[in-house]
Amino acid sequence: QVQLVESGGGLVQPGGSLRLSCAASGSIASINTMGWYRQAPGKQRELVATISDSGTTDYADFVKGRFTISRDNAKNTVHLQMNSLKPEDTAAYYCNADVVSIHPYVRRGEYWGQGTQVTVSS
């Protein structure tokens, strides 16, 4: 019913910047909260940042002042601008969206993107 397609991952040097994007498509009536999560090898997936439909943002402490989340409701997209990247930011980053379907028989639910790899290394 819904697909989330991510892009923007790659290899950057410490202190560098990267911008991740996620576009949602399908039978979407509306999207409530959208967010970014990340998972490094051997670790649990953790929340990075979220943004509500009204624009309210929430950030994990370890990215405050470095990362910025934003969304474009007209395009059903969410972005994550990452600055001052550190080696410990290396992980697979996943887009998440709380979606209300246009089909009345489909329950509201969360959808995940395929993930995009971010590697911070010299």
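Quick note: structure is the one above.
Residues numbered from 1 in each chain as written. Predicted model: local features only at pLDDT ≥ 70, side-chain atom pairs only at ≥ 80, totals over all residues. Heavy atoms only, no water.

A. Inspection of the packing of aromatic side chains at higher detail. A complete count under the given rule lists 1 aromatic pair for this structure. Arranged with centres 5.1 Å apart and planes meeting at 65°, the rings of Tyr37 and Trp112 form a pair that is edge-to-face. Taken together, the residues span a long stretch of sequence, with Tyr37 in strand E4 (residues 28–39) and Trp112 in strand E10 (residues 109–112) at a distance of 75 residues. The residue whose ring lies beneath Arg45 is Tyr94, and the NZ or CZ to ring-centre distance is 3.8 Å. Residue placement shows Arg45 over the ring face of Trp112; its charged tip is 4.8 Å from the ring centre. (Phe/Tyr/Trp six-rings, centres within 6.5 Å; stacked < 30°, edge-to-face > 60°. Helix = DSSP H or I, 4+ residues; strand = E, 2+ residues; numbered from the N terminus. Lys NZ or Arg CZ within 6 Å of the ring centre and 35° of its normal.)

B. Broad picture of the sheet that holds strand E3 (residues 18–26). With antiparallel pairing, the 4 strands of this open sheet are ordered in space as E1-E3-E8-E7. Across the chains shown, the open sheet's two edge strands, defined by having one partner strand only, are strand E1 (2–7) and strand E7 (67–72). The sheet shows a mean angle of 15° between the axes of neighbouring strands, taken without regard to direction. Strand direction decides the pairing type here: E3 and strand E8 (residues 77–82), joined by 6 bridges, are antiparallel. Pairing of Leu20 across the sheet is with Leu80, part of E8. (Pairing = 2+ DSSP bridges. Axes fitted to C-alpha atoms, helices over the stretch in contact; angles between N-to-C directions.)

C. Fine view of the environment of Met34. Locating Met34 in the fold gives a position in strand E4. When the C-alpha atoms of Met34 and Ser52 are compared, they prove to be 6.4 Å apart, with 18 residues separating the residues in sequence.

D. The side chain of Glu6, seen in detail. Its location among the elements puts Glu6 in strand E1. For Glu6, which is buried and forms no salt bridge, the nearest opposite charge comes from Arg45, at a distance of 8.0 Å. A polar contact is formed between the side chain of Glu6 and the backbone nitrogen of Gly115, at a distance of 3.4 Å. (Buried < 20%, exposed > 50% of the residue type's maximum accessible area, 1.4 Å probe, protein only. Lys, Arg positive; Asp, Glu negative; His and termini not counted. Salt bridge = Lys/Arg side-chain N within 4 Å of Asp/Glu carboxyl O. Polar contact = N/O pair within 3.5 Å; in protein donor to acceptor, adjacent residues only side chain to side chain.)

E. Layout of the state of the cysteines. Counted by the stated rule, this structure contains 1 disulfide. Disulfide pairing is shown between Cys22 and Cys95; the S-S distance is 2.3 Å. On the sign convention where negative means left-handed, the S-S torsion of about -80° between Cys22 and Cys95 marks this disulfide as left-handed. Of this pair, Cys22 sits in strand E3 while Cys95 sits in strand E9 (residues 91–101); the two residues are 73 residues apart in sequence, bridging distant segments of the chain. Comparing Cys22 with Cys95 shows no difference in burial state: the two are buried. (Disulfide = S-S within 2.5 Å.)

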